[in-house]
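# Per-entry structural report
Each chain is listed here by its residues.
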There are 2 protein chains.
Amino acid sequence: MASEKPLVAVTCTAPVNIAVIKYWGKRDEDLVLPINSSLSVTLHQDQLKTTTTAAISKDFTEDRIWLNGREEDVGQPRLQACLREIRRLARKRRSTGDEDPLPLSLTYKVHIASVNNFPTAAGLASSAAGYACLAYTLAQVYGVDSDLSEVARRGSGSACRSLYGGFVEWQMGERVDGKDSIARQVAPESHWPELRVLILVVSAEKKLMGSTAGMQTSVETSPLLRFRAESVVPARMAEMTRCIQERDFQGFGQLTMKDSNQFHATCLDTFPPISYLSDTSRRIVHLVHRFNTHHRQTKVAYTFDAGPNAVVFTLEDTVPEFVAAVQHCFPPESNGDKFLKGLPVRPTPLSDELKAALDVDPIPGSIKYIIATQVGPGPQILDDPHAHLLGPDGLPKPAA
Amino acid sequence: MASEKPLVAVTCTAPVNIAVIKYWGKRDEDLVLPINSSLSVTLHQDQLKTTTTAAISKDFTEDRIWLNGREEDVGQPRLQACLREIRRLARKRRSTGDEDPLPLSLTYKVHIASVNNFPTAAGLASSAAGYACLAYTLAQVYGVDSDLSEVARRGSGSACRSLYGGFVEWQMGERVDGKDSIARQVAPESHWPELRVLILVVSAEKKLMGSTAGMQTSVETSPLLRFRAESVVPARMAEMTRCIQERDFQGFGQLTMKDSNQFHATCLDTFPPISYLSDTSRRIVHLVHRFNTHHRQTKVAYTFDAGPNAVVFTLEDTVPEFVAAVQHCFPPESNGDKFLKGLPVRPTPLSDELKAALDVDPIPGSIKYIIATQVGPGPQILDDPHAHLLGPDGLPKPAA
């Protein structure tokens, strides 16, 4: 029986997701309820994932958390909201009495350790994977099997979309208490096997405005954002769902680009204005449109979140040529052999016609590296006890 | 009698105007009718002006035009529309018979020469001043004294706002024939004597999408642009008019910045997206907001048209400190003594507090120079015959 063990530990992983219909703006800051629905693609954990171990023990005297090896303040409101919510769900399950009571007391304190397999410095949104992994891991340790959207959402809105693999929508919901603001899988990761994702990590010059503060200012000051949320997004959600269901890359790619652009437009309409795109981002936009114009069809599509990095969607057979085009326009500065990470990409020469069509002055070093990945599954439980990030003493294991 | 002279020549000047409520998008391409009203400030001709000479003679065998000394195609549609419209107005006046018939036949051909006193390479919108000057000069030569909005507008929409000094609105109008789409002075140039204008000329790296093609694509593809035109601009026109009438710089400055940002937001919402702002433009935006935050009030305000140059509004007593701040953030590269053009600016040291508050890494050379100017009058007739750009033979005089 688990209750006889001094410590129960569970380790899970969770993926990063990239929105193709963007979430920007809350209608309730506290409950993290959005002003519009959103839709995302879950990225494969072979390339990008968060791993989290949660352990509970009667010997622990307080809740504690370590992120990437460093202890952090467990009292931060978002984290507290997640812990409160998961314990509420666990109590609820217990009190309904439809299964055995939990073997370990809910009053036990929890230790949490979490690491990312990608550098935080890359500027990839890690909070979604992080809070999804936290919610999923805590659910295992406390034996909760109800919908985890709210637990993850309270940590970071878009985290609820990382609870599923494949293509995921976060329905905004209508209820004041947010009970219908939940994530739902639109299509599984096996649905569109040819789809590929390239993350172009851009050398950023300065830290940017955080998305929490940014979206709050946008809701307060941008007349265009409210219009977008109410009058543009609903039809786009339906159209994006259709494109995914029919594996219509032309439609998927164009709508992805349009929605990214509109999100950044509402940032610019914010006062003071918010600019997440850098000149390098804009050069990538330009490159993608030139590439597509050359091919007379939408073969690649960009999307940008709250930072200058581009996430590019394309189909498997276009990857080599597009990567060659990126390398032509943004020659690696010093890390030639580490420029391309993730899935292997067959080297291919660039045709003179395409080179001429791209019409750019190559700017060395403005893209740090590319991560090649694909659509992937949702959170996973790791059965191997060696995977635990916490030792039998409940403290982080020394890094290997 | 003029009719006995072999040639009648008139020379006029016209100003540049800068919109504080932006015009972007036509509801009728041919008649140049806008999807929303706009409002601008006329800049002083001591710093920026177009000079145009128009001459008619029975000896001319065809219409001809020279811009900045080079002969251009007189057949271009915009120019032809202006010529047709002014001749229509002249015929109309003649046929109403309320004054003497015109001494020179309307069938006479016209020669036109036009020069700007600022480099075209500066990327300052010269078409507004150019077409306003053309309309005004042709009106003198053909003896037309009716409203010239349509003549100027047919050349370039915003040109109708350069027909007046001070603060000018271009009422969008409702009629299908555009007869009520006219410019009107909101307040004369003497109304707000403390107002100053600084043009920050940015080193652009590439030619941009022209505004005619750009706004057409925006009208066709941006859902946000239509909403802006219909639901945002009308209230902003009223509010901007109030700010000008009350000389409320706080309100004027904030609304000017918000409307510039919203215009660029609709460009970004266009597909493919249009980006007129460069990283230097964004650094200027950042500088202005930091400057205002430091002073706890809106002391300076930026606006950007279809290019990276900033036009900054401020009051007379703030000019020296803001110019010092610009010179600190964007040190001149090699033209230290030519960095500041136009109105004299008293050199002033920058306080350490403000330097710290600006928090920027100085980037030398990204601003080419500053033109300091102010609000100015509308088009002027030059009486001095030496001012004519065309000689007695009807051809451009050699440059002095």
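Values in this document were obtained by computation on a predicted structure and should not be read as measured data.

How large an interface is tends to be reported as the accessible area lost when its parts come together. Listed per partner, the contact involves 32 residues of chain B and 32 residues of chain A. At the boundary of chain B with chain A, total buried surface from both sides reaches about 2,500 Å², with 65% on carbon and sulfur atoms. Inspection of the chain B/chain A interface yields two salt bridges. Asp279(B) is the salt-bridge partner of Arg282(A), the closest N and O atoms lying 3.2 Å from each other.

Here we come to the relation of the copies chain B and chain A. Take chain B, turn it by 180 degrees, move it 0.0 Å along the axis, and it overlays chain A with an RMSD of 0.0 Å. On the angle and the small slide along the axis, the relation comes out as a two-fold axis. Among all residues of chain B, the minimum C-alpha distance to the rotation axis is found for Ala265(B), at 2.1 Å. The overlap is high: 100% of the interface residues of chain B also sit at the interface in chain A, so the same surface is used on both sides.

Another point: the pattern of salt bridges. Considering all chains together, one arrives at 40 salt bridges over all chains under this definition. In this structure, Arg242(A) and Asp248(A) form a salt bridge, with 3.2 Å as the shortest nitrogen-oxygen distance. Classification of Arg242(A) as partly exposed rests on a relative accessible area of 27%. Between Glu72(B) and Arg70(B) there is a salt bridge; the shortest N-O distance is 3.9 Å.

All names here are of chain A. As assigned here, chain A comprises domain 1 (2-188 + 379-387) and domain 2 (195-374). Spacing between the C-alpha centres of domain 1 and domain 2 amounts to 28 Å. Counting residues at the interface gives 31 residues for domain 1, matched by 44 residues for domain 2. Interface area, domain 1 with domain 2, both sides summed: about 3,000 Å², of which 72% is carbon and sulfur. Considering only the side of domain 1, the residues that lose the most area to domain 2 are Ile 21, Lys 22 and Trp 24, jointly responsible for 28% of the buried surface there. At the junction of domain 1 with domain 2, the criterion picks out one salt bridge.

Packing of helix α5 (residues 223-245) of chain A against helix α5 (residues 223-245) of chain B leaves a shortest axis separation of 11 Å and a crossing angle of 150 degrees. Accordingly, the angle class assigned to the pair α5(A) and α5(B) is roughly antiparallel. For α5(A) against α5(B), the interelement crossing comes out right-handed. Mapping the contact onto sequence places Pro223(A), Leu224(A), Phe227(A), Arg228(A), Val232(A) and Arg236(A) in α5(A) and Pro223(B), Leu224(B), Phe227(B), Arg228(B), Val232(B) and Arg236(B) in α5(B). Residue composition of the contact of α5(A) with α5(B), by class: eight nonpolar, no polar and four charged.

Glycine aside, a negative phi is what most residues show, and trans is what most peptide bonds show. Residue and element names in this part refer to chain A. Looking along the chain, the bond that leaves Phe 271 and enters Pro 272 is cis, with omega of -10 degrees. Of note, Pro 272 is situated in the loop between α6 (249-268) and α7 (279-295). Positive phi outside glycine occurs at Val 32, with the angle close to 55 degrees. Note on placement: Val 32 falls in the loop between β3 (26-28) and β4 (33-34). The class of Val 32 is buried, set by a relative accessible area of 0%. A positive phi angle, close to 50 degrees, is found at Arg 247, a residue other than glycine. Counting through the fold element by element, Arg 247 comes out in the loop between α5 and α6. Accessibility expressed as a relative area gives 41% for Arg 247, which makes it partly exposed.

What counts as what
- Residues numbered from 1 in each chain as written.
- Chains lettered and ligands numbered in written order.
- Predicted model: local features only at pLDDT ≥ 70, side-chain atom pairs only at ≥ 80, totals over all residues.
- Heavy atoms only, no water.
- Contact = heavy atoms within 4.5 Å.
- Buried area = accessible area lost by both parts, 1.4 Å probe.
- Salt bridge = Lys/Arg side-chain N within 4 Å of Asp/Glu carboxyl O.
- Least-squares fit on C-alpha atoms with pLDDT ≥ 70 in both.
- Buried < 20%, exposed > 50% of the residue type's maximum accessible area, 1.4 Å probe, protein only.
- Domains from an automatic or database assignment.
- Axes fitted to C-alpha atoms, helices over the stretch in contact; angles between N-to-C directions.
- Helix = DSSP H or I, 4+ residues; strand = E, 2+ residues; numbered from the N terminus.
- Parallel < 35°, antiparallel > 145°, perpendicular 65-115°, else oblique.
- Left-handed = near helix turned anticlockwise from the far one by under 90°.
- Nonpolar A, V, L, I, M, F, W, Y, C, P; charged D, E, K, R; others polar.

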